[in-house]
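The primary structure of each chain is shown beneath.
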Amino acid sequence: MANQPASIKLIMQTGPQPGQEIVIQDRPQIIGRGSGSSIVIPDKTLSRRHARIWATPDGVAVEDLGSTNGMFINEQRVSGSQWLRPGDTLRLGDITFNLQVDQPGQGSIETMVPGTVRAPAGSDHTMVPAAPAAPFAPPVYAPPVQPGPNPWIWVGLAVIIATLIVGGALGYLYYSRVYQPEATAQAVLSPTLEPTQMPTATPIPTQTPTPTSIPEQTPTPTLSPTPAPIQVPGIPAAGANERQPPPDISSKISPFCNREVEVKANEPVLIAWQRRVADDGETDYLAQWLEAAYFDLRLDGRPVTDLGALNYYRDESCAENGLCGPTLNWWVNIGLLETGSHHLSLELYTDREISNGLDVDPADGRPDLFGPGPAGEGFCDIVVAPAATPLVEVTPTPIPTPKTDPGQTQDTAAPLGIFQDFERESTWKRGDQPYGQFTRSSAQVHSGSYAGQLSYNFPTANNDYVVFLQSRALAGRPNAISAWVYGDGAGHFLNIWIKDANGQTWQMSFGQVKHTGWQEMTAFLDPGHPWPSAHISGPNNGAIDYPISFQALVLDDGSDTYSGSGTIYIDDLNSQEGAAAPPPQVSAPTPAAPSSQAPANSGIYELRIGNQHRYEEPWGAPKSGDPCEAARTKNWDDKHPDYRGFNVELLLTNNSAVKVQDNWGENMRFFTSSGQEVVACYYVYDASPEGPVPGGTSSVTFFTVVPKGQFVQVMQLNLNGQFMQLCLDGRGGWSACN
């Protein structure tokens, strides 16, 4: 019986699932805690992409990918690529494995002793001592070398080819002697025939078409029509802005770094990569890439590119290998990142086959080709170190503060009127979202010498906002707070937070900053106003209980598809009592004819509601605050059934040429009729994959809870740079949002 290959496995000894078996393949597999890894192990001591492992004819290779907690073989820390011998212990972070081999024809898994290798076929012994391992130097990404074919295969092929040649020659001789076509055709196809072989006496030149007519009568077989572009995900390069990157950003990171890099806290991050092409004077390769390339850039699994964020500029540059040529330099400003680890990934697609005109990878003597469809990918793990000091925006030189200074935070309540004029130093602390800075500035002022300068950088095509906190007790019973705002016309929402005597925190809105220059804006303190006014935290009795305190300024992007940066100025925050409020105007998205049930269509994806769309009530609050965890553990507070359970089936149709990732449900966002975002969990009923294949549709069901009297009004999906939004009316009607 022919020898069967052994099955090589890693057996987990310590970790989340001791005894778990991982079969080692002959292709590289990534082990890590990130969802993009081939082997996902949810352990905090692992990096997102910790190590790469694969089998070769010479043994098992393992490579550390620049992990934080390192890779150890037999408790010796190693780096780069190494051999793993049978019986070795591999430790990644705090997780340990043993290398074991499943012997063919035996009923048990045998653990091979370190320092041994398999004996040759036919040997009387199962194992023989192994020579000391040579230094490991396999190609990092090369596929395993396959054994050469049997020599008799080549002999057989040679016999077949010789037979075909001899048969073809005999057939041609028979054809030329027995079957004679007409003279005119023979003259064209065989101009070397002797004149005596021609059946007519007509001179050959008068019968033979001129050489210039041959291409018109005989089309070239290799030519074929240019294929039509296919539909692919991502942001099209054709929509990018041609402009230089900001000169003052020091942290520039390539999405193809394929390792872990560290950046300083409170420094904006610029993602930058290149595409170098040939300059042969004939083909415009730059134009090919600008017309056909698409980029899916993601940070921690969420898209960070849209038509306003992708940029490029052109120049001439040379690579380390000496290749020079025109270069497309792509960049995206993702702004400030939160402290901690972040996973950046980039997937390149092309909607047709294109080339860079260079022979780079592989170096096979032909220009490299890309697409159609997936054409490359990369990643970079970004670690943002904690700041050395707390982030507090203050002016460098304190100025003595008079007792009546309205800008100084005091224990006593500020009387009605201006309570912050920015003329004196005061402290504002930024919230969790690191998307801006708030400083005292004299660049633009409404009155006095200073105003507050709010500089923002919203990097993603999601709901970006930034909060600046300063507590100030307010006297009286103010029902409005006004401010003078120097706008930039971007249309972002400027809001405030107030806290009342009952511990309730409310958000009230000045409205959208659609103007430029100075304009007075007023936020009316009325819990009944629609979104973006809303309850933020604490109990909710539906009313403001005086006295109150000012808590924060908030800038929220006007559209979740927006990304970019800008600056506004704020001056003379003023509390007012007895202000007359205008009729409320709803700013949240509204459905377009909900009964029409028109799906949201991005061009390559289509999102619509399926058969399930219902509420269940009453419903208890999730005790942990997380409806997904409460659904798994059935841990609901049924003594206080103040919620409604919401179930909805969403159908995603994929009209692109690339399969959608299975976890697309993680990109869904749900907003209630009060403007609050709620967490939703999802699951799949049928056996079809969560991510639809090209031309297919997948069904995913979502569940969440909303407070009584509210409903899910907006559902958003940002998938591979494609934005879709469905609006619901709370009575079963739905449609794509206007």
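**Side note on the sheet that holds strand β46 (residues 668-672)**
Picture the strands of a sheet paired through backbone hydrogen bonds; they go either parallel or antiparallel. The sheet built from five strands is open, its strands ordered β47-β46-β50-β51-β52 with antiparallel pairing. Whereas interior strands pair on both sides, the edge strands pair on one side only; in this sheet they are β47 (677-678) and β52 (734-736). Relative to strand β51 (residues 722-728), strand β50 (residues 712-719) runs antiparallel, the two sharing six bridges. Paired with Gln716 across the two strands is Gln725, which belongs to β51.

**Some remarks on a negative patch on the surface**
Residues Asp279, Asp280, Glu282 and Glu316 make up a contiguous surface patch of negative charge. With respect to the helices, strands and loops of the structure, Glu282 is situated in the loop between β19 (269-276) and α5 (285-292).

**Overview of the pairing of strand β34 (residues 480-488)**
Here nine bridges tie β34 to strand β37 (residues 516-524), and the two strands are oriented antiparallel to one another. Each bridged residue has a counterpart across the sheet, and for Tyr486 the counterpart in β37 is Trp518. Taken together, the six bridges between β34 and strand β40 (residues 564-576) define a ladder with antiparallel strand orientation. Within the sheet, the bridge partner assigned to Ile481 lies in β40 and is Ser575.

**Notes on the packing of aromatic side chains**
On inspection of all chains with the given rule, the structure shows 17 aromatic pairs. A centroid spacing of 5.5 Å and a plane angle of 35° characterise the contact between Phe438 and Phe468, whose relative ring orientation is tilted. Taken as a pair, Phe438 in strand β31 (residues 436-441) and Phe468 in strand β33 (residues 465-474) lie far apart in primary sequence, 30 residues in all. In this structure, Phe438 and Phe468 share a single accessibility class: buried. Measuring from ring centre to ring centre gives 5.5 Å for Phe670 and Phe702, while their planes differ by 50°; the resulting arrangement is tilted. Within this pair, whereas Phe670 is found in strand β46, its partner Phe702 is found in strand β49 (residues 697-707), the two being separated by 32 residues in sequence. With a relative accessible area of 2%, Phe670 lands in the buried category. On the basis of relative accessibility, which here comes to 1%, the residue Phe702 falls in the buried class.

**Re the pattern of salt bridges**
Tallied over the entire structure, the rule returns nine salt bridges. With its nearest N and O atoms 2.8 Å apart, the salt bridge here joins Asp351 to Arg352. A relative accessible area of 4% places Asp351 in the buried class. Its relative accessible area of 26% is what places Arg352 among the partly exposed residues. By sharing partners, the salt bridges in this structure join Glu291, Asp351 and Arg352 into a single network.

**Some thoughts on the environment of Pro478**
Within the secondary structure, Pro478 is located in the loop between β33 and β34. Once the C-alpha coordinates of Pro478 and Leu525 are considered, the two residues, 47 residues apart in sequence, prove to be 7.9 Å apart.

**Quick look at the pairing of β40**
Pairing geometry for strand β29 (residues 417-420) and β40, over three bridges, is antiparallel. Within β40, the residue paired with Ile418 across the bridge is Asn574. Sheet topology places strand β32 (residues 451-458) next to β40; seven bridges connect them, and they run antiparallel. Bridged to Gln453 within β40 is Tyr569.

**Quick word on the side chain of Ser426**
Tracing the chain through its elements places Ser426 in the loop between β29 and β30 (428-430). At 3.4 Å, the side chain of Ser426 and the side chain of Trp428 are in polar contact. Here the side chain of Ser426 touches Gln470 through a polar contact of 3.4 Å, side chain to side chain.

**A word on the sheet that holds strand β5 (residues 51-56)**
Taken in spatial order, the five strands of this open sheet run β4-β3-β5-β6-β9, and their pairing is mixed. This sheet does not close on itself; its edge strands, each paired only once, are β4 (39-40) and β9 (81-84). Where strand β6 (residues 59-64) and β9 come together, four bridges link them in antiparallel fashion. When the sheet's bridge partners are listed, Val60 is paired in β9 with Leu84.

**A few points about the environment of Gln25**
Following the sequence through the fold, Gln25 ends up in the loop between β2 (21-23) and β3 (29-32). For Gln25, a relative accessible area of 30% corresponds to the partly exposed category. Between the alpha carbons of Gln25 and Ser7 there is a distance of 9.1 Å; along the sequence they are 18 residues apart.

**Section: the environment of Pro303**
Take Pro303: it is sitting in strand β21 (residues 302-303). Sequence separation between Pro303 and Asn718 is 415 residues; the distance between their C-alpha atoms is 7.1 Å.

**Side note on unusual backbone geometry**
With an omega dihedral of 0°, the bond running from Gly371 to Pro372 counts as a cis peptide bond. Its location among the elements puts Pro372 in the loop between β26 (369-370) and β27 (373-384). Between Tyr546 and Pro547 the backbone carries a cis peptide bond, its omega angle lying at 5°. Structurally, Pro547 can be placed in the loop between β38 (534-537) and β39 (548-556). Notably, Asn74 is not glycine yet its phi reads approximately 50°, a positive angle. If you trace the backbone, Asn74 turns up in the loop between β7 (71-73) and β8 (76-78).

**Focus on the side chain of Arg669**
Relative to the elements of secondary structure, Arg669 occurs in strand β46. By relative accessible area, Arg669 is classed as buried at 9%. At a separation of 2.7 Å, a polar atom in the side chain of Arg669 contacts the side chain of Glu677.

**Re the state of the cysteines**
Here the structure, examined in full by the defined rule, presents two disulfides. The disulfide that involves Cys257 links it to Cys380, with 2.0 Å between the sulfurs. As the torsion about the S-S bond is roughly 100°, the Cys257-Cys380 disulfide counts as right-handed. Of this pair, Cys257 sits in the loop between β17 (251-253) and β18 (260-263) while Cys380 is found in strand β27, placing the two residues 123 residues apart along the sequence. Side by side, Cys257 and Cys380 carry an identical accessibility label, which is buried. Between the sulfur of Cys727 and that of Cys737 lies a disulfide, 2.0 Å long from S to S. On the sign convention where negative is left-handed, the bridge of Cys727 and Cys737, at about 110° about the S-S bond, is right-handed.

**Thoughts on the nonpolar core**
Across soluble globular proteins, nonpolar side chains have a tendency to be buried as a group. Among the nonpolar cores identified, the biggest contains 40 residues, and Trp273, Phe295 and Trp330 are the most heavily contacted of them. Of all the secondary structure elements, the ones that give two or more residues to this core are β18, β19, α5, β20 (293-299), β23 (324-335), β24 (340-350) and β27. Each residue touching Trp330, except ones within four places of it in the same chain, is listed here: Ala237, Ala240, Ile271, Ala272, Trp273, Arg275, Leu290, Phe295, Leu310, Asn311 and Tyr312. Judged by nonpolar contacts, the second largest core, of 33 residues, contains Ile481, Met521, Leu553 and Ile568.

**Digging into the confidence of the model for the chain**
Per-residue pLDDT for the chain averages 75, and the proportion of residues at 70 or more is 73%. pLDDT under 50 marks residues 175-225. Its contacts with residues more than four places away, or in other chains, come to 16 contacts.

Thresholds applied
- Residues numbered from 1 in each chain as written.
- Predicted model: local features only at pLDDT ≥ 70, side-chain atom pairs only at ≥ 80, totals over all residues.
- Heavy atoms only, no water.
- Pairing = 2+ DSSP bridges.
- Helix = DSSP H or I, 4+ residues; strand = E, 2+ residues; numbered from the N terminus.
- Patch = residues over 30% accessible without salt bridge, like charges linked within 9 Å, V, L, I, M, F, W, Y side chains within 5 Å.
- Areas by Shrake-Rupley, 256 points an atom, 1.4 Å probe, with all protein chains shown as cover.
- Salt bridge = Lys/Arg side-chain N within 4 Å of Asp/Glu carboxyl O.
- Lys, Arg positive; Asp, Glu negative; His and termini not counted.
- Charge placed at Lys NZ, Arg CZ, Asp CG, Glu CD.
- Phe/Tyr/Trp six-rings, centres within 6.5 Å; stacked < 30°, edge-to-face > 60°.
- Buried < 20%, exposed > 50% of the residue type's maximum accessible area, 1.4 Å probe, protein only.
- Polar contact = N/O pair within 3.5 Å; in protein donor to acceptor, adjacent residues only side chain to side chain.
- Disulfide = S-S within 2.5 Å.
- Core = buried A, V, L, I, M, F, W, Y, C linked by side-chain atoms within 4.5 Å.
- Contact = heavy atoms within 4.5 Å.
- pLDDT = per-residue confidence, 0-100.

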